[in-house]
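# Structure assessment
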Amino acid sequence: MEPITIKTIIKAPVEKVWNVFTNPMHIVKWNSPSPDWHTTKADNDLQHGGRFLSRMEAKDGSFGFDFAGTYDQIDVNRLIKYTIDDNRKVSVEFEQNDDQTIVTQSFDPEQTNPLEMQRDGWQSILDNFRNYVEDLAVLERIHYEIQIDVDPITVHKTMLDEENYRVWTAPFSPTSRYEGTWEKGTKLLFLGDSDGERGGMVSMVEENIPGELVSLRHVGLVHGDLEITEGPHVQGWAGAHEIYTFADIGGKTKLGIDVDVNREFKDHFDQSWPIALAKLKELSENRS
């Protein structure tokens, strides 16, 4: 029986599409053909001979099954081939086309259900994947705040001090640091190392009023020695803001942070910001 082929076009760079397709953290959120199904568990050993498993269940608990198999070929950002445990073959191709990615999936049909039903089911999952990837780029503004028992000027100085900055932002990246100055109108690089390579964000200081306000606008990415400020890798989030407000409450500081973030990083921010702010509070109060 001939393989069935389905396709979708996603408004995102191929590296991002690949990551969302293969990362278990994302798989459990997009891998379902309809709202009454979900994936409750995903494991993925993404290498030749590696195993994968997605546990798919009806939300009413009436039925569930393991979709599992073994990888036959991995060509990063280009091709995945695998064999399902019932010996059917599947291939997934990723093709960058300007600021979009074309995903083409071919699979051997099974013998039980009609071909059209199988095509529709797999296409629904692929469409759900496309919608999920594109929704990740939608920015929302989230707010965090903390009371620090010293005056706003002390908090401001502590926050921007180069050595203190490395300490209180470590929850985001153990090698977190910045290069540049905090003067209004200047460029700042916010950096952290990953696998020995420098990476981070290119930002502009829109405002810096001691003890009152710091406003940043993120405009690009740092990748090694490159600063990328245009193209598909920054499209959708360039222009995002990070704003710090300092309110004097009887000699103490109510520090508020408003951050534009997409869905891909929201969970990470929700986990990391409270820890970072607690560390900033400790540093500021010990400095006074």
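Read on for a plain summary of the structure. (Residues numbered from 1 in each chain as written. Predicted model: local features only at pLDDT ≥ 70, side-chain atom pairs only at ≥ 80, totals over all residues. Heavy atoms only, no water.)

### Focus on the overall build of the protein chain
Broken down by element type, the protein chain carries six helices and 15 strands. When each of the 288 residues of the protein chain is scored for burial, the buried share is 42%. A separation threshold of at least 6 residues defines the contact pool for the protein chain, and within that pool the share at least 24 residues apart is 51%. When the accessible surface of the protein chain is split by element, carbon and sulfur atoms take 49% of a total near 14,900 Å². (Helix = DSSP H or I, 4+ residues; strand = E, 2+ residues; numbered from the N terminus. Buried < 20%, exposed > 50% of the residue type's maximum accessible area, 1.4 Å probe, protein only. Contact = heavy atoms within 4.5 Å. Areas by Shrake-Rupley, 256 points an atom, 1.4 Å probe, with all protein chains shown as cover.)

### A look at the pairing of strand β12 (residues 213–223)
Judged from the 10 bridges that link them, strand β11 (residues 197–209) and β12 form a sheet pairing that is antiparallel. The partner of Gly 200 across the bridge, within β12, is Val 222. Hairpin connection from β11 to β12: three residues lie between these consecutive antiparallel strands, with Gly 211 at a positive phi of about 75 degrees. Direction of pairing for β12 relative to strand β14 (residues 240–249): antiparallel, over a ladder of six bridges. By the bridge assignment for β14, Ser 215 is matched with Ile 243. Hairpin connection of β12 to strand β13 (residues 226–228): two residues between the antiparallel strands, including Gly 224 at a positive phi of 65 degrees. (Pairing = 2+ DSSP bridges.)

### With respect to the sheet that holds strand β2 (residues 37–44)
Pairing is antiparallel across the open sheet formed by seven strands, whose spatial order is β1-β7-β6-β5-β4-β3-β2. The open sheet has two free edges, formed respectively by β1 (4–10) and β2, since each of these has just one partner strand. Pairs of neighbouring strands in the sheet enclose a mean axial angle of 20 degrees, with direction left out of account. Against the sheet, helix α1 (residues 14–22) touches β1, β2, β4 (64–75), β5 (79–84), β6 (89–97) and β7 (100–107), its axis set at about 155 degrees to β6. Here helix α3 (residues 115–136) sits on the sheet in contact with β1, β3 (51–58), β4, β5, β6 and β7, set at roughly 20 degrees to β1. (Axes fitted to C-alpha atoms, helices over the stretch in contact; angles between N-to-C directions.)

### A closer look at the nonpolar core
Grouped together as the largest cluster of nonpolar side chains are 31 residues, with contacts concentrated most on Tyr 82, Phe 94 and Phe 129. Looking at this core element by element, the count peaks at seven residues for α3. When neighbours within four sequence positions are excluded, Phe 94 is seen to be in contact with Val 14, Val 17, Trp 18, Phe 21, Asn 77, Arg 78, Leu 79, Ile 80, Thr 101, Ile 102 and Val 103. Core analysis: the second largest hydrophobic core is formed by 29 residues, Ile 142, Tyr 165, Leu 255 and Val 259 among them. (Core = buried A, V, L, I, M, F, W, Y, C linked by side-chain atoms within 4.5 Å.)

### Description of the side chain of Thr 154
Structurally, Thr 154 can be placed in helix α4 (residues 152–160). Discounting chain neighbours no more than four positions away, the residues touching Thr 154 are Ser 284 and Arg 287.

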